[in-house]
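Next come the chains, spelled out residue by residue.
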Amino acid sequence: MFTTRSARQRRRALALTSIAAAGALTLAACGSSGEEAGAGSSDDGDAADGELSGTVTVWHYFSEDNQVGLMDAYAEKFESEHEGVTVENVFVPYDQMNSKLVSSAGAQTGPDVVVFNGAEAATIALGGALAPMDDYWADYADAGEFPDSVIHQIDGTTYAVQGYVNLLGLWYNAEILEEIGVEPPTTLDELEDAMAAAAEAGHDGITLSGLPQSQGEWQAYPWLSAEGFTYEEPDAGALEAGLARVRGWVENGWLSQEAVTWDQTVPFQQFTSGGVAFAENGNWQMGAAEADAGFEYGVVPLPLGDDGQVYLGGEGQGIGAFSENPDLAWEYLASTYYSPEGQVMAVEQVGSIPARADAAGDDAVSSNPLLEPFAASIEQYGANYPAPNIPPAAVADVQLTVGQAWSAVLGGQQQAGAAAQATVATLEGLLAPQ
Amino acid sequence: MTTQSAPVGAAAAAVRTRRTDPAGRTGRRRPRQVRLLFLLPAAIFLGLLSLFPLIQLLRMSVSAVTSATLNQSWDFVGFENFAEGFATGQSTEALQRTLVFVLVVTVLGMVLGLAAAIALRSRGRWSGFLLALMVFVWALPPVVNGSVWKFLLGDAGLINTLLLDSGLRDAPVPFLYDQYWALMSVAFVNSFAVIPFNALVFRAALMNIPPETFEAAALDGANRWQEVRHIMLPAVRPTTLVLLVLTLVYGFRSFDFIYVMTYGGPGTATNTLPFLGYLQAFVRYDFGLGAATSVVTVVGVLVLAVVYARSIRREEAES
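Remember, it's a predicted structure, so these values are computed and weren't measured experimentally. (Residues numbered from 1 in each chain as written. Chains lettered and ligands numbered in written order. Predicted model: local features only at pLDDT ≥ 70, side-chain atom pairs only at ≥ 80, totals over all residues.)

## Side note on the overall build of chain A
Part 1 of the reasoning: A tally of helices and strands in chain A yields 18 helices and 14 strands.
Part 2 of the reasoning: Taking all 434 residues of chain A together, 59% fall into the buried category.
Part 3 of the reasoning: When contacts within chain A are restricted to residue pairs at least 6 apart in sequence, those whose partners lie at least 24 apart make up 79%. (Helix = DSSP H or I, 4+ residues; strand = E, 2+ residues; numbered from the N terminus. Buried ≥ 20, exposed ≤ 12 C-beta atoms within 10 Å, placed from the backbone. Contact = placed C-beta atoms within 7 Å.)

## What about the domain arrangement of chain A?
Interfaces are often sized by the accessible area lost when the parts come together.
Residue and element names in this part refer to chain A.
Part 1 of the reasoning: Parsing chain A into structural domains produces domain 1 (7–166 + 313–371) and domain 2 (168–310 + 389–430).
Part 2 of the reasoning: With 18 residues of domain 1 at the contact, the number on the domain 2 side is 13 residues.
Part 3 of the reasoning: Residue composition of the side of domain 1 that touches domain 2, grouped by class: eight nonpolar, eight polar and two charged. (Domains from an automatic or database assignment. Nonpolar A, V, L, I, M, F, W, Y, C, P; charged D, E, K, R; others polar.)

## With respect to helix H6 (residues 142–152) of chain B
Residues and elements named next belong to chain B.
Part 1 of the reasoning: Burial in H6 covers these residues: Asn145, Gly146, Trp149 and Lys150. Buried positions in H6, seen along its axis, are confined to an arc of 135° and lie on one side of it. Turned more than 90 degrees off the buried face of H6, the exposed positions are Val144 and Phe151.
Part 2 of the reasoning: Looking at the packing, one finds that the buried side of H6 touches helix H8 (179–207) and helix H12 (256–261). (Arc of directions from axis to C-beta.)

## Observations concerning the nonpolar core
Residue and element names in this part refer to chain A.
Part 1 of the reasoning: Counting 194 residues, the largest nonpolar core has Val113, Leu130, Met195, Ile206, Leu243, Ala277 and Phe278 as the members making the most contacts within it.
Part 2 of the reasoning: In terms of domain composition, this core takes at least three residues from each of domain 1 (7–166 + 313–371) and domain 2 (168–310 + 389–430).
Part 3 of the reasoning: Residues within four places of Met195 in sequence aside, it is in contact with Gly205, Ile206, Trp249, Trp254, Ala277 and Phe278. (Core = buried A, V, L, I, M, F, W, Y, C linked by C-beta atoms within 7 Å.)

## Concerning the sheet that holds strand E4 (residues 151–154) of chain A
All names here are of chain A.
Part 1 of the reasoning: Read across the sheet, six strands follow the order E2-E1-E3-E12-E5-E4 without closing on themselves; strand pairing throughout is mixed. Strands at the two margins of the open sheet, each flanked by one partner only, are strand E2 (85–91) and E4. Neighbouring strand axes in the sheet, compared pairwise and without regard to direction, differ in orientation by 25° on average.
Part 2 of the reasoning: On top of the sheet, helix H3 (residues 65–81) reaches strand E1 (54–60) and E2; it is set at about 165° to E2, its chief contact. (Pairing = 2+ DSSP bridges. Axes fitted to C-alpha atoms, helices over the stretch in contact; angles between N-to-C directions.)

## Looking at the sheet that holds strand E9 (residues 276–282) of chain A
Residue and element names in this part refer to chain A.
Part 1 of the reasoning: Taken together, four strands build an open sheet; the order of strands is E8-E9-E7-E10 and the sheet is mixed. Bordering the open sheet on either side are strand E8 (204–207) and strand E10 (297–300), each of which pairs with just one other strand. Ignoring strand direction, the axes of neighbouring strands in this sheet form an average angle of 20°.
Part 2 of the reasoning: Of the pairings in the sheet, the one linking E8 to E9 comprises three bridges and is parallel in character.

## Notes on the confidence of the model for chain B
Residues and elements named next belong to chain B.
Part 1 of the reasoning: A residue-level look at chain B finds 90% of positions with pLDDT of 70 or above and a mean pLDDT of 87.
Part 2 of the reasoning: Residue range residues 1–27 is modelled with pLDDT below 50. Its contacts to residues more than four positions away, or to other chains, number three contacts.
Part 3 of the reasoning: Reported confidences for the modelled complex are a pTM of 0.83 and an ipTM of 0.83. (pLDDT = per-residue confidence, 0-100.)

## As for helix H18 (residues 416–430) of chain A
Residue and element names in this part refer to chain A.
Part 1 of the reasoning: Compared with an ideal rise of 1.5 Å per residue, which puts 15 residues at 21 Å, H18 spans 21 Å between its outermost C-alpha atoms and is within 8% of the ideal.
Part 2 of the reasoning: Residues of H18 that are buried: Ala416, Ala419, Ala420, Thr423, Val424 and Leu427. Buried residues in H18, looked at end-on, bunch into an arc of 125°, giving them a common side. Exposed residues pointing more than 90 degrees away from the buried face of H18 are listed as Ala425, Glu428 and Gly429. (Expected span 1.5 Å × (residues − 1).)

## Description of the interface of chain B and chain A
Part 1 of the reasoning: Listed per partner, the contact involves 25 residues of chain B and 28 residues of chain A.
Part 2 of the reasoning: A total of three residues in the side of chain B that touches chain A trace back to one element, the largest contributor, which is helix H13 (residues 273–283) of chain B.

## Topic: unusual backbone geometry
Part 1 of the reasoning: Here the residue pair Tyr385 of chain A and Pro386 of chain A is connected by a cis peptide bond, since its omega of 0° sits within 30 degrees of zero.
Part 2 of the reasoning: As for its placement among the helices and strands, Pro386 of chain A is situated in the loop between strand E14 (382–384) and helix H17 (395–410).
Part 3 of the reasoning: Of the consecutive residues Gly265 of chain B and Pro266 of chain B, the connecting peptide bond is found in the cis state with omega at 0°.
Part 4 of the reasoning: Tracing the backbone shows Pro266 of chain B in the loop between H12 and H13.
Part 5 of the reasoning: Of note in the backbone geometry, Tyr263 of chain B takes a positive phi value of approximately 50° without being a glycine.
Part 6 of the reasoning: Within the fold, Tyr263 of chain B resides in the loop between H12 and H13.

## A word on the environment of Tyr311 of chain A
All names here are of chain A.
Part 1 of the reasoning: Within the secondary structure, Tyr311 sits in strand E11 (residues 310–312).
Part 2 of the reasoning: In this structure Tyr311 comes out as buried when scored by C-beta crowding, with 24 C-beta atoms within 10 Å.
Part 3 of the reasoning: Each C-alpha atom of the pair Tyr311 and Glu233 lies 17 Å from the other, and the pair is 78 residues apart in sequence.
Part 4 of the reasoning: Among all residues touching Tyr311, those that are not within four sequence positions of it are Leu167, Trp218, Tyr221, Ala383 and Tyr385.

## A word on the packing of helix H3 (residues 80–87) of chain B against helix H14 (residues 287–318) of chain B
Residues and elements named next belong to chain B.
Part 1 of the reasoning: Taken N-terminus to C-terminus, the directions of H3 and H14 make an angle of 80°; their axes are 8 Å apart at the nearest point. Classified by the angle their axes make, H3 and H14 are roughly perpendicular. Contacts between H3 and H14 involve Asn81, Phe82, Glu84 and Gly85 on the former and, on the latter, Gly288, Leu289, Ala292 and Thr293.
Part 2 of the reasoning: Along the lines of polarity and charge, the residues of the contact of H3 with H14 split into three nonpolar, four polar and one charged. (Parallel < 35°, antiparallel > 145°, perpendicular 65-115°, else oblique.)

Next comes the structure, spelled out in structure tokens:
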């Protein structure tokens, strides 16, 4: 089992998170939550402040300016709070992070703190690169502020916790929508009508990632699930319908086939450069949008109907299995990612949605209109990432399989039907029996 | 036994001779020991960085190894990993793509390398400048080179912009996102990266042709093509064989450009054997399966390496 909690419990926890976020947004004017957030203590590590010294090495894969800026701000915050402590942020390319962690663990070395794709917690933990955090978490006074859905456990052992949640929404170019005379879409039909109108007016319809790997799968899942596809009951017909729908966007000229070569950064750059009506992208792009978009823009939840789901992703933070100073590493996490101040910094610099219930009520969250649709998405479409029924050892395999099928259909290598049949046949061997 | 005793006896006699040589010093035996001593670092280096990983790769290919068991003992599974790769069809398809890829890289790399060498045969400022430029291209890290080419070949890249603006095309060429174009594009970029090296080696061979040969050909009225056909091509034949094998090996193990430019896509259209091995080992974390795919690649490269070694030996014997 990936976690000891049932899917129903996790969904309930997610709903609580979303309610907390949405509630915080609506209660912005009261401003009472801010005081509570400020009162949250984060100095519950095993070691007292005065005894800590040394260097905390943090491995991360961030390359965007706002995300790197947040890492730098965290380092500055922790160093200013602990004299004699140095934080060393080390960039490791996303594609190399897991293998580098696992091979480092084989050599009994590695970073003090790891910031990684939360969905890959099982892969990294099974590779022996993460230290159990149970003792620290049990002693952490603020642990109750975190919903279960952001706590990564394997066989009952906690290996990582997410300080924030990231998810996808539908960004729109308000000027193009005004030009073609449509409102931001709330259904798939409205979205397709809007893309058709945008294309007729000489604009591109939408940008997204079709890369044949986990990023592609992450972006594909909302559209596939909108047709009824799930990992609990993988149905070839539903998968085919989802793949065929988006392939249709390529054939209609609304989505560039070049998307199969784009990671998640490139399509948003295409969107901010103008001339594209919509972008399927995440809340972490707020900084990039503010910096680069020379037009009015907004966000609405992805229009996914009754069945659609949006992964609740984000980075997990854990302590390296071979950290020379795990107490210092924990103190760093408690002071930055897990503290209310640190989570508000993530809201302000990156646009991430805080995992803590108290931080979700901060003014930085409630006063940001771009965060509201993401909070609404959590409530309406939020889904565990990865799906709870995927065995930990098969997560990477499942993501690659679906990512390749997504890319193959968008790129015209395979028909939707053939890709769906082959994918479901592979998934049946990978997924745990219900 | 008698066949062995003769050389042994001769060697012993030689040693005795050395020992009794009045000018000889006891240190006469040292040069050989010193040579061995000098060889030792290289031997250790190769053993640690080439032989040991190769043995580990072979062990891994016949074991069940995942991220959970990588740092533990590995269970022996025989040829199960090899069978799985071919049973799913992934290895077979990747092998076919690899052969197409290698063919394109080799043909373009050799032909354009020779053409560049012939064009740059003369000594002059421009040829020197172009040679320096080619060395620069050759020395560029593949990640940089691949990223530049990905940009150039994009819908809004230089090449498509030129094609569209000149009216040669109505729509952008799908260089990197059509399954057939994508394989050809990454193969072309791989060729582009190997052309400078091949051109430099070919040029060195061409520079060895005595000028008198060309003077005599000119007196006989030979045109440029006849010079190429009857003087240059025969002169570079031994080099061609060596370079051919090296280019084949280069094509066979190419990974970086695919990783940067297409990530094996669209779908699996540019999954060659080395990239498939990467996906299996470092994305799916099935290190056993990835190792089996890599062993298939290594076997291909080894066969070519044997051909290379034999051609080198033959060339040395001829010279």
